[in-house]
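Residue-level listing of the chains:
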Amino acid sequence: LNFLRHFCPNTTTYSPNSIYQSNLNQLLLTLSSNATRENGYYNYTVGHSPPDTIYGFFLCRGDVNTDVCEICVKNATTIISQRCPNQKEATIWYDKCMLRYSNRSIFSRVNFSPGRSMFNTQNFNGNSYNFIAVLVPTMNETVHQAAHKFSGKKFATKDANVTASGKTGKLFTLAQCTPDLSSEDCLFCLQDSTSRLPACCENKKGVTFISLSCNIRYETYPFYNATTVPAAAPAPAPELAPAPNPKNKQGNGGISRQVIIAIVVPIAVVSLVVLLVGLRFLTGRTMKQKQYGTTKERNEDDISTVESLQYELNTIEIATTSFSADNKIGEGGFGDVYKGTFPDGQEIAVKRLSKSSAQGAKEFKNEIVLVAKLQHRNLVRLLGFCLEGEEKILIYEFVPNKSLDYFLFDPEKQRLLDWSRRHKIIRGITRGLLYLHEESRLKIVHRDLKASNKLLDKDMNPKISDFGMARIFDVDQSVENTIKIAGTYGYMAPEYAIHGQFSVKSDVFSFGVLILEIISGKKSNGFYKSHGTRDLISYAWKLWRNGAPLELMDPTLQESFVSDEVIRCIRIGLLCVEEDVNKRPTMSSILPMLESYSDTLPIPRRPAFFIPSGSDSMTKERNPNQPQSINEASISELCPR
Ligand SMILES: Nc1ncnc2c1ncn2[C@@H]1O[C@H](COP(=O)(O)OP(=O)(O)OP(=O)(O)O)[C@@H](O)[C@H]1O
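Residues numbered from 1 in each chain as written. Predicted model: local features only at pLDDT ≥ 70, side-chain atom pairs only at ≥ 80, totals over all residues. Heavy atoms only, no water.

### Things to note about the packing of aromatic side chains
- Following the criterion strictly, the structure yields 12 aromatic pairs and no others.
- Ring plane angle 40° and centroid distance 5.7 Å describe the contact between Tyr 41 and Phe 57, whose orientation is recorded as tilted. Remark: Phe 57 occurs in strand E3 (residues 54-60) and Tyr 41 occurs in strand E2 (residues 41-46); sequence separation between them is 16 residues.
- According to the relative accessible area criterion, Tyr 41 is buried, its value standing at 0%.
- For the pair Tyr 311 and Phe 342, a centre-to-centre distance of 5.2 Å together with 5° between the ring planes defines the contact as stacked. One end of the pair, Tyr 311, is in the loop between helix H6 (306-309) and helix H7 (313-319); the other, Phe 342, is in the loop between strand E12 (335-341) and strand E13 (347-353), and 31 residues separate them in sequence.
- Looking at Tyr 311, the relative accessible area reads 1%, which means it is buried.
- A relative accessible area of 3% means that Phe 342 is categorised as buried.
- Chaining the aromatic ring pairs together yields one cluster made of Phe 172, Tyr 221, Phe 223 and Tyr 224.
- The ring of Tyr 406 has Lys 402 lying over it, and the distance from NZ or CZ to the ring centre is 5.3 Å. (Phe/Tyr/Trp six-rings, centres within 6.5 Å; stacked < 30°, edge-to-face > 60°. Helix = DSSP H or I, 4+ residues; strand = E, 2+ residues; numbered from the N terminus. Buried < 20%, exposed > 50% of the residue type's maximum accessible area, 1.4 Å probe, protein only. Lys NZ or Arg CZ within 6 Å of the ring centre and 35° of its normal.)

### Some points on the sheet that holds E13
- With antiparallel pairing, five strands are arranged side by side in an open sheet as E11-E12-E13-E15-E14. Looking at strand neighbours, the two that pair on one side only are strand E11 (328-332) and strand E14 (382-388), the edges of this open sheet. Along the sheet, successive strands turn relative to each other by an average axial angle of 25°, direction set aside.
- On top of the sheet, helix H8 (residues 361-372) reaches E13, E14 and strand E15 (391-397); it is set at about 170° to E14, its chief contact. (Pairing = 2+ DSSP bridges. Axes fitted to C-alpha atoms, helices over the stretch in contact; angles between N-to-C directions. Contact = heavy atoms within 4.5 Å.)

### Quick notes on the pattern of salt bridges
- Tallied over the full model, the rule gives 23 salt bridges.
- Between Arg 104 and Glu 89 there is a salt bridge, and its shortest N-O distance comes to 2.7 Å. With Arg 104 in the loop between strand E5 (97-102) and strand E6 (116-119) and Glu 89 in the loop between helix H2 (66-83) and strand E4 (90-94), the pair connects residues that are 15 residues apart, well separated along the chain.
- Put simply, Lys 450 and Asp 448 hold a salt bridge, and the shortest N to O gap is 3.6 Å. (Salt bridge = Lys/Arg side-chain N within 4 Å of Asp/Glu carboxyl O.)

### Description of the environment of Leu 353
- Mapping Leu 353 onto the fold places it in strand E13.
- Measuring from C-alpha to C-alpha, the distance between Leu 353 and Phe 334 comes to 5.4 Å, with 19 residues separating the pair along the chain.

### Some points on the site of the ligand
- Gly 333, Lys 351, Glu 397, Val 399 and Lys 450 are the nearest of the 21 residues found near the ligand.
- One nitrogen or oxygen atom from the side chain of Asp 448 is found 3.3 Å from an oxygen atom belonging to the ligand.
- Burial of the ligand by the surrounding chains reaches 87%, relative to a free accessible area of 610 Å².
- Those elements that provide at least two residues to the shell around the ligand are E11, E13 and E15.
- Classifying every residue of the shell around the ligand gives nine nonpolar, six polar and six charged. (Near = heavy atom within 4 Å. Polar contact = N/O pair within 3.5 Å; in protein donor to acceptor, adjacent residues only side chain to side chain. Areas by Shrake-Rupley, 256 points an atom, 1.4 Å probe, with all protein chains shown as cover. Nonpolar A, V, L, I, M, F, W, Y, C, P; charged D, E, K, R; others polar.)

### Quick look at the environment of Glu 595
- Within the fold, Glu 595 resides in the loop between helix H16 (587-594) and strand E18 (610-613).
- Spatially, the C-alpha atom of Glu 595 lies 9.1 Å from that of Glu 565, the residues being 30 residues apart in sequence.
- The residues contacting Glu 595, other than those within four sequence positions of it, are Arg 196, Arg 427 and Arg 431.

### Some remarks on the pairing of E5
- Most of E5 is tucked away: six of the six residues are buried.
- Neither face of E5 is open: one carries Cys 97, Leu 99 and Tyr 101, the other Met 98, Arg 100 and Ser 102, and all of them are buried.
- With six bridges connecting them, E3 and E5 associate as antiparallel partners. Counted as the bridge partner of Gly 56 is Tyr 101 from E5.

### With respect to the state of the cysteines
- Scanning the entire structure with this criterion turns up five disulfides.
- With a sulfur-sulfur separation of 2.2 Å, Cys 189 is cross-linked through a disulfide to Cys 214. Its torsion about the S-S bond being -85°, the disulfide of Cys 189 and Cys 214 is classed as left-handed. Of this pair, Cys 189 sits in helix H4 (residues 183-201) while Cys 214 is found in strand E10 (residues 214-219), placing the two residues 25 residues apart along the sequence.
- Classification of Cys 189 as buried rests on a relative accessible area of 0%.
- Classification of Cys 214 by relative accessible area gives buried; the value is 0%. (Disulfide = S-S within 2.5 Å.)

Structure below.
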């Protein structure tokens, strides 16, 4: 049993002999005496009246047996009070378990801060590129498997062969969430953890990344017990087998887990088959075309086929009341967008494509299957499509709070976006883009990032929309492509606007413009000369160079801004709009810069200057007399490092 870390946020303390202390003692005792639960997880609450209510849980690693789990939890309950004396909140991690308590409700909520990485001191010698090329997809698969477990543990492991310097070795990966999280939250937590790996642990032979709701680990030796890891059986649909409430879970009377799996899995599979056959018989539906579905039904396994994504036109017409004007919610470059509702109440957004795709129906469908597999909390999810006669329709999850531009550029509505919301939006877009660029299987360059295709969910979390359009429309994916299907002036990197060259770095440029827009509340392509410069990037740069970056800020932020964070974001924005493609940061290096745990931020250099002339032509201006060196000292003083 290895102790890893403890975390006491030092926010509030309790007094000795208080009710809180006695509740804490009772909580720890209860957790300890439930440590042999088969599920390896137990949560408990003591006290019903705040501020003395206390919430706690333990989580044992998915592969450890109940004996080890018990030893680990008992250790944790003893040590935690010593590590965090008198603290109302505390967390302790061992390699085999974690234990957490708090005076705030902590169940079924994703919380990945503070994330901490611990790594194997050995570096990976040899070709680390080969190693990473195996690590990334293997870890992604493990993460998805863990997140999409509908019952029992949200835990998965996977090993893979890795070849480096002519030798073949093994890679072992593990991912686990607390089982009270939804699949979406678990995936979000695990993806957040994997997104931090490049920043913290490049070239490390092994890494453990722990957070309050999930953890991941990889090593080049078998650190988990493969024989006790539950077989990767197909996850039963949630409707058939709801996640058991750990509190109500009964003891198993000495029957081993393998025996339970051996009995339950075949029964579940047979029941599923019987149910599906029965449904088909009763409804007379063909399975070929799905009438309607819910997001819940669509797990990783069933989005792998065209059939599961294809909808009949009739179904879409019913959902949108025949594309009625009342249901029209927007129009974009690809066509009109309608709100719709499936018979089960699920809300959808229907994009009726007006542009025709360059590719045939088969390729169009195949691309949709691939794009639909891209799932991240900060991406608008593609639920399906319809292809009938002249109609080509894409069906997305409905995102209720309109797009970012709707709030950002309206003098009244921009007040609703205080600094913490804007910062959260910047972080969310960063995560979504990082996933598209570096973590997803497809490696997507968006090519048209802008405020209008960032949609906001009910909690004002951003979701990137319109990704994958280049694939769906079969535009050449090479970096030399000169056909512009996407791209909006004011956001486009010079090399893309002028030469048609796109890459993840042209997306980074657009992302930089977006950050500057979010901070200033001004459109990059509607910028007026009243500020003494002719575009938003130049204006931001001028203020930065003059040591007055905060003047860029939308005045409505005066009440809520955190100066360190605003300056850091402006700095990142300016780094992204560097003219030199190679100097622009990658999304994986931006995330730690944003989260403030990266101490070294490069100094921005003069950005690419772009001046829109008219509505659709761009000219590039460089001022050859502008000094290359800037007053770096004054700027670095301003900016926290
Ligand atoms: N999934 C969705 N949920 C809710 N509303 C949506 C959704 N997708 C699009 N919309 C609405 O429809 C509008 C138009 O969206 P669309 O993505 O077609 O165009 P755009 O991004 O504004 O422009 P362009 O296609 O030219 O880039 C959006 O601004 C938004 O208000």
